[in-house]
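# Inside the fold
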Amino acid sequence: MNTHTLGSSGVPVSELAFGGAVIGNLFAEVTDEQAHEAVTAAWQSGIRYFDTAPHYGLGLSERRLGEALSAFPRSQFTLSTKVGRRLEPSTAGGDDLANGFAVPATHRRVWDFSADGVRRTLEASLERLGLDRVDVVYLHDPDDHAEEAFREGYPALEKLRSEGVVGAIGAGMNQAGMLTRFVRETDVDVVLCAGRYTLLDQSALTELLPAAVERDVSVVIGGAFNSGLLADPSPEATYNYAQAPGDLLDRALRMREAAERHGIGLRAAALAFCAAHPAVASVLVGARSAAEVRDAAAQFATPVPPALWQELRETGLLTAEEPS
């Protein structure tokens, strides 16, 4: 699998990456064995970039990912985690489904983009991962905490990078606006943009992606399937983690029909679209089983006929100039 370097950091990432939210029991339980098999299948498929966060299953994703990756040489994979949500022990009981994860609510999340919070959160992540370093650290969803994130969180990451503690730094969000500000106003190496550059939403194309190209900042794309609609469009499918609106479901169905006329699946087209932009270094895909990982790798490797992009533009289903 091809690799790209994040900005000028020297940190390599495979063009297809493993997203760790699902093995943190996103929406439904995944067993330890299934999680381990999914990570192993990712490695066997050539994936060498793995992403996680404390938020994912209250640390469960980090623990599982660290355990599974311990079977492989540390120098041969790139690992990213995130800061901004500290985990504190909780005796409230119950589960964490209100936050999207099918795990016991043993901890609570505390928003914290302070310099001290960044270091404490990273130290706790390293302990859960069972590692002495990660390669990339992102500020995670600072939407409502912009002042603290820019004033304290980002400088803390910059210091960690200058000390050699991490190789690359950035921010990860479900919006393009603030990520564009990070690209223009800071010295980040990479931004992780989820759901805003897909076949159904190209809002990142207005400012973020052009700014990234101009500033030599890499972009990692998450949410290529917009949480499900582009993976398998149906009335039950979700879009951005909620029931898919009827107009978008119709658009996705029409896209699937077009893709199938050109001999490929919609998932292959969705992944290829994300990967084609020159600013994009890697595309994250979450998977809860080895079979899902292998399918993602196979779809990613499927060539997409240029005639498909032409048809999507001619029918008004796609307005972006990329891919050509």
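Please refer to the structure higher up on the page.
Residues numbered from 1 in each chain as written. Predicted model: local features only at pLDDT ≥ 70, side-chain atom pairs only at ≥ 80, totals over all residues. Heavy atoms only, no water.

### Some words on the nonpolar core
In terms of nonpolar packing, the biggest core is built from 95 residues, with Phe18, Phe50, Leu139, Leu199 and Leu229 touching the most fellow members. Counting residues in each nonpolar core, the second largest holds 13 residues, with Val13, Ala17, Val136 and Leu284 among its members. (Core = buried A, V, L, I, M, F, W, Y, C linked by side-chain atoms within 4.5 Å. Buried < 20%, exposed > 50% of the residue type's maximum accessible area, 1.4 Å probe, protein only.)

### Comments concerning empty space enclosed by the protein
Per the stated rule, a full pass over the model turns up 1 cavity of 30 Å³ or more. In this structure, the largest cavity spans a volume of roughly 40 Å³. Mapped by element, the contributors of at least two residues to the lining of the largest cavity are strand S3 (16–19) and helix H9 (290–301). Among the elements that take part in the lining of the largest cavity, S3 stands out by supplying 3 residues, more than any other. A per-class count over the lining of the largest cavity returns 8 nonpolar, no polar and no charged. (1 Å grid on protein atoms, 1.4 Å probe; cavity = no way out; pocket = protein on both sides within 12 Å on 5 of 7 lines; lining within 4 Å. Points joined across faces, edges and corners; volume = space filled by probe spheres on them. Helix = DSSP H or I, 4+ residues; strand = E, 2+ residues; numbered from the N terminus. Nonpolar A, V, L, I, M, F, W, Y, C, P; charged D, E, K, R; others polar.)

### Remarks on the pattern of salt bridges
Under the criterion given, the structure shown has 23 salt bridges. With a shortest N-O distance of 2.7 Å, Arg133 and Asp135 are connected by a salt bridge. You can call Arg133 partly exposed: its relative accessible area is 31%. Taking the shortest distance from any N to any O, the salt bridge between Asp187 and Arg161 comes out at 3.1 Å. One end of the pair, Asp187, is in the loop between helix H5 (177–185) and strand S12 (190–194); the other, Arg161, is in helix H4 (residues 146–162), and 26 residues separate them in sequence. Note on Asp187: relative accessible area 45%, which makes it partly exposed. For Arg161, a relative accessible area of 18% translates into the label buried. Here the salt bridges do not stand alone but share partners, grouping Arg86, Glu88, Arg108 and Asp112 into one network. (Salt bridge = Lys/Arg side-chain N within 4 Å of Asp/Glu carboxyl O.)

### Topic: the packing of aromatic side chains
Evaluated as defined, the whole model comprises 10 aromatic pairs. For the ring pair Trp111 and Phe113, a centre distance of 6.1 Å and an interplane angle of 20° mean the geometry is stacked. Take Trp111: its relative accessible area is 39%, and that puts it in the partly exposed class. Exposure remark for Phe113: the relative accessible area of 0% places this residue in the buried category. Put simply, the rings of Phe18, Trp43, Phe50, Phe72 and Phe77 pair up and form one aromatic cluster. Sitting above the plane of the Trp43 ring, Arg48 keeps its charged end 3.6 Å from the centroid. The ring of Phe150 has Arg181 lying over it, and the distance from NZ or CZ to the ring centre is 3.8 Å. (Phe/Tyr/Trp six-rings, centres within 6.5 Å; stacked < 30°, edge-to-face > 60°. Lys NZ or Arg CZ within 6 Å of the ring centre and 35° of its normal.)

### Details of the pairing of S12
Sheet faces and side chains relate simply in a regular strand, where the side chains alternate between the two faces. Taken across its 5 residues, S12 has 5 buried, putting it largely inside the fold. Along S12, one buried face is formed by Val190, Leu192 and Ala194 and the opposite face, lined by Val191 and Cys193, is buried too. Strand direction decides the pairing type here: strand S11 (residues 168–173) and S12, joined by 4 bridges, are parallel. When the bridges of S12 are listed, Met173 appears paired with Cys193. The sheet contact formed by S12 and strand S13 (residues 218–222) spans 5 bridges and is parallel. From the neighbouring strand, Cys193 faces S13, where its bridge partner is Ile221. Considered for its hand, the β-α-β crossover made up of S12, helix H6 (residues 208–215) and S13 is right-handed. (Pairing = 2+ DSSP bridges. Right-handed = clockwise from strand over helix to strand, strands pointing away.)

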